[in-house]
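# A look at the structure
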Amino acid sequence: MADVKKIATRAAYGEFLVEEGAKRPELVVMSADLSGSNKTDGFEKAYPERFVEAGISEQDMYAEAAGLALSGKVVCASSFAMFVAGRAYEIIRNSIGYTGANVKICATHGGITVGEDGASHQTFEDLALMREIPGMTVINPADAVSTKALLGEVVDTYGPAYVRLGRSNVPVIYDENETFEVGKAKTLREGSDVTIIATGIMVADALAAAESLAADGIEARVIDMHTIKPLDKEAVIKAASETGAIVTAEEHSVLGGLGGAVAEVVVQSCPVKMAMVGQKDCFGESGKPAALLEKYGMTAADIVAVVKSVK
Amino acid sequence: MKERNYQELKETARKVRMNALRAIHQANSGHPGGSFSVTDILVALYFDEMNIDPKNPKMEDRDKLVLSKGHAVPALYAVLGERGYFDVEEMMTLRQVGSHFQGHPNMNKCPGIEMSTGSLGQGFSVAVGMAIANKMDKKDGFVYAVTGDGELQEGIIWEAALSAANHKLDNFIAIVDWNGLQIDGNVDDVKKVTPIDEKFASFGFNTIMADGHDFESLFSAIDEAKANKGTGKPTVIVAKTHKGQGVSFMTDQAGWHGKAPNDEQFEAAMKELGGEK
């Protein structure tokens, strides 16, 4: 994949906001002193009257976002995933989730690929926390194309949503005309021996893993589970019944995120052997993103090894 | 000066306290102390100051009130019922399974409730967001946030206070129901919040002191707060109140924060609230 174009999903988010801002006068964007990092600065320049700077106050930002949304705005409010899902959790739960406010919680810098900033800034808990909130849509796009397409769906649909975006450049997987539906998984590769269900930046690794497995005679189905909630149960059950084994892959804790969500379906509807690739119930550390992914076991090679363990 | 019928307002407040207490008594659960301290503030707003339409609760350009101290919602339900948002008898299902009248306000279940609150501090910040939206849309409505004084111990209040000043929200009026008591005792013993007005002043607010049980004082304060529109500064009204106001054995007693009266206490309280009528 040497020549593959690489774009960070946060950059795609920034482009989306500027484009959507032109079409949607009720779109308001918020940031908590991170507009450059969150890529909300493009919107800020284009539509300063619809940009609300919250300062270093994530809790206040999400409560204000609820107030703006309940006044008829569509609000995209951003900070680092750690300070969104972690610090502002209860505000999101009570003021956005419980009210059903039309706030799109667009959290950048999710997972370990935050890199050098280290453990205080690397969240592996956000998908789990957010999917616990009734009515919350939870999305973790794999690349720039799906980020923009899914964000389009998300702002078109009334209600709270959490969109996890990344800091680092990641390969563009999809053709730019590809269409996406929230809650409908994408099968990227057919296979009958095992299914790799991946989300976010691990989708590209899942595809690379499937290539490598094919060379060893294992045909792996690869699914991009961009929507963690509502989960595409049908795709999971089909994968379980047709391929007999499932490996999940996420840049998130193996506790409660994609792996947990898939396991809940599998165990209740079609029990098959499962294994999970992700952060193993430990904190991260500073380092280059690629080195961290390798150290903490979230690479294509790790997926290959785990697939072989269940086959 | 606007003509006001103070006798009628007092009568309304008396009914509100009685209905709030009836609801709490039937539920055998709820918060009489803070409901009674905030009653007169809510009556002054909903029966005089606020631009609202009970027949059209979602009216454009209306004034909005967020009861950030959500536990005092029996008083708000009773005010909304008295004002005609719904039949006040409906609130006698308070805190029962299936009721629209939740223990803390739910905006999706009860007309006239602008925001679901209960987790302290958040309502204040949500109200700031509403005031920002009104400014963006050039809407005339004021946004009121009613908080307790113990609630000021929540950090989000001060984050939002910075925002309100920073965004020059002269359409935002915070009212502190300063009853001086919280569950564990005197607010200033538990975690000192006074001087409340000076704190808000240093955050960039216009500040007004009021007697939260005197309609003349409340109207003077609210009128002044509204007149601050154009100053580019938010306003806080620090309204001195008494927890449990209206029932002598509940007055200024922290123990009546979140406790329902037994039958005997209920009868005595209703008798006292019934007064000479």
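As the structure is a prediction and not an experimental result, all values here were calculated from the model.

### Considering the overall build of chain A
Along its length, chain A carries 13 helices and 14 strands. Whereas a compact globule of 311 residues would reach a radius of gyration of roughly 19 Å, chain A reaches 18 Å, a difference of no more than 12%. If you line up chain A on its principal axes, its C-alpha atoms span 60 × 40 × 40 Å. Each of the 311 residues in chain A was classed as buried or not, and the buried ones make up 62%. When the accessible surface of chain A is totalled, it reaches about 11,200 Å², and 51% of it is carbon and sulfur.

### Quick notes on the pairing of strand S7 (residues 235-240) of chain B
All names here are of chain B. Taking burial as the measure, the 6 residues of S7 include 5 buried ones, the bulk of the element. Strand direction decides the pairing type here: strand S3 (residues 172-178) and S7, joined by 6 bridges, are parallel. By the bridge assignment, Val176 is partnered in S7 with Val238. Relative to S7, strand S6 (residues 206-211) runs parallel, the two sharing 6 bridges. By the bridge assignment, Asn206 is partnered in S7 with Thr235.

### Considering empty space enclosed by the protein
Gaps left between atoms show up when a probe the size of a water molecule is rolled over them. Taken as a whole and assessed by the stated rule, the structure comprises 2 cavities of 30 Å³ or more. Each pocket or cavity is described by its volume, and for the largest cavity that value is around 70 Å³. Ile52, Asp63, Tyr85, Gly112 and Glu114 of chain B are, among the 13 residues lining the largest cavity, the residues nearest its centre. Residues belonging to the lining of the largest cavity are distributed by class as follows: 6 nonpolar, 2 polar and 5 charged. Considering only enclosed or pocket space, the second largest cavity measures out at about 50 Å³ in volume. If you go around the second largest cavity, the residues you meet are Thr9, Asn140, Pro141, Arg164, Leu165, Gly166, Gly200, Ile201 and Glu251 of chain A. Class assignment of the residues belonging to the lining of the second largest cavity gives a composition of 3 nonpolar, 4 polar and 2 charged.

### Here we look at the sheet that holds S3 of chain B
Residue and element names in this part refer to chain B. Overall, parallel pairing links the 5 strands, which are arranged S1-S2-S3-S7-S6 in an open sheet. Two strands close off the open sheet at either side, each with one partner strand: strand S1 (64-67) and S6. Between one strand axis and the next, the sheet turns by 20 degrees as a mean value, whatever way the strands run. Note that S1 and strand S2 (residues 143-148) share 4 bridges and pair parallel. Within S2, the residue paired with Leu65 across the bridge is Tyr144. This element, helix H2 (residues 32-49), spans S1, S2, S3 and S7 of the sheet and lies at about 150 degrees to S3. Lying on the sheet, helix H4 (residues 122-136) is in contact with S1, S2 and S3; it crosses S2 at an angle near 170 degrees.

### Examining the side chain of Ser146 of chain A
Residues and elements named next belong to chain A. Along the chain, Ser146 falls in helix H8 (residues 144-156). By relative accessible area, which is 0% here, Ser146 ends up buried. Aside from chain neighbours lying at most four places away, what touches Ser146 is Pro141, Tyr174 and Phe180.

### A few points about the nonpolar core
Ranked by size, the top nonpolar core spans 128 residues in total, and within it Tyr62, Ile92 and Tyr162 of chain A together with Tyr46, Phe124, Phe172 and Phe200 of chain B carry the most contacts. Examining the composition of this core, we find that 8 residues originate from one element, H4 of chain B, more than from any other. Counting residues in hydrophobic clusters, the runner-up holds 33 residues, among them Val203, Ala220, Ala245 and Ile303 of chain A.

### Structural notes on the interface of chain A and chain B
Each partner contributes residues to the interface: chain A has 23 residues there, and chain B has 22 residues. Buried surface at the junction of chain A and chain B, both sides included, amounts to about 1,900 Å², of which 53% is carbon and sulfur. When the shortest N-O distance is used, the salt bridge between Lys73 of chain A and Asp137 of chain B registers 2.5 Å. Taken together, chain A and chain B are joined by 10 residue pairs in polar contact (both at pLDDT 80 or more). Residue contributions to the side of chain A that touches chain B peak at 8 residues, all from helix H4 (residues 58-69) of chain A. For the side of chain A that touches chain B, a count of residues per class yields 8 nonpolar, 7 polar and 8 charged.

### Brief notes about the sheet that holds strand S10 (residues 194-198) of chain A
Residue and element names in this part refer to chain A. Strand order in this open sheet of 5 strands is S9-S11-S10-S13-S14, and the pairing throughout is mixed. A strand with exactly one partner marks an edge of an open sheet, and here the two such strands are strand S9 (186-189) and strand S14 (273-279). Within this sheet the neighbouring strands show an average axis-to-axis angle of 25 degrees, counted without direction. Contacts from helix H9 (residues 202-215) reach S9, S10, strand S11 (220-224), strand S13 (245-253) and S14 within the one sheet, and its direction differs from that of S10 by about 160 degrees. Lying on the sheet, helix H13 (residues 300-310) is in contact with S10, S13 and S14; it crosses S14 at an angle near 160 degrees.

### Remarks on the pattern of salt bridges
Enumeration according to the criterion identifies 35 salt bridges over all chains in this entry. Across the salt bridge formed by Glu82 of chain B and Lys15 of chain B, the nearest N and O atoms sit 3.7 Å from each other. Here the residue Glu82 of chain B occupies a position in helix H3 (residues 73-83), and Lys15 of chain B occupies one in helix H1 (residues 6-27), the gap between them amounting to 67 residues. Accessibility expressed as a relative area gives 27% for Glu82 of chain B, which makes it partly exposed. We note a salt bridge from Arg22 of chain B to Glu89 of chain B, for which the minimum N-O separation is 2.9 Å. Of this pair, Arg22 of chain B sits in helix H1 while Glu89 of chain B sits in the loop between H3 and H4, placing them 67 residues apart in sequence. For Arg22 of chain B, a relative accessible area of 27% gives the class partly exposed. A relative accessible area of 39% places Glu89 of chain B in the partly exposed class. Each member of the salt-bridge network shares a partner with another, and the members are Glu20, Lys23, Arg24, Glu26 and Asp156 of chain A.

### Quick look at the confidence of the model for chain B
Mean pLDDT over chain B stands at 97; residues scoring 70 or higher make up 99%. Both scores are given for the predicted complex: the pTM is 0.97, the ipTM 0.96.

Conventions used here
Residues numbered from 1 in each chain as written. Chains lettered and ligands numbered in written order. Predicted model: local features only at pLDDT ≥ 70, side-chain atom pairs only at ≥ 80, totals over all residues. Heavy atoms only, no water. Helix = DSSP H or I, 4+ residues; strand = E, 2+ residues; numbered from the N terminus. Rg over C-alpha atoms; globule rule 2.2 N^0.38 Å. Buried < 20%, exposed > 50% of the residue type's maximum accessible area, 1.4 Å probe, protein only. Areas by Shrake-Rupley, 256 points an atom, 1.4 Å probe, with all protein chains shown as cover. Pairing = 2+ DSSP bridges. 1 Å grid on protein atoms, 1.4 Å probe; cavity = no way out; pocket = protein on both sides within 12 Å on 5 of 7 lines; lining within 4 Å. Points joined across faces, edges and corners; volume = space filled by probe spheres on them. Nonpolar A, V, L, I, M, F, W, Y, C, P; charged D, E, K, R; others polar. Axes fitted to C-alpha atoms, helices over the stretch in contact; angles between N-to-C directions. Contact = heavy atoms within 4.5 Å. Core = buried A, V, L, I, M, F, W, Y, C linked by side-chain atoms within 4.5 Å. Buried area = accessible area lost by both parts, 1.4 Å probe. Salt bridge = Lys/Arg side-chain N within 4 Å of Asp/Glu carboxyl O. Polar contact = N/O pair within 3.5 Å; in protein donor to acceptor, adjacent residues only side chain to side chain. pLDDT = per-residue confidence, 0-100.

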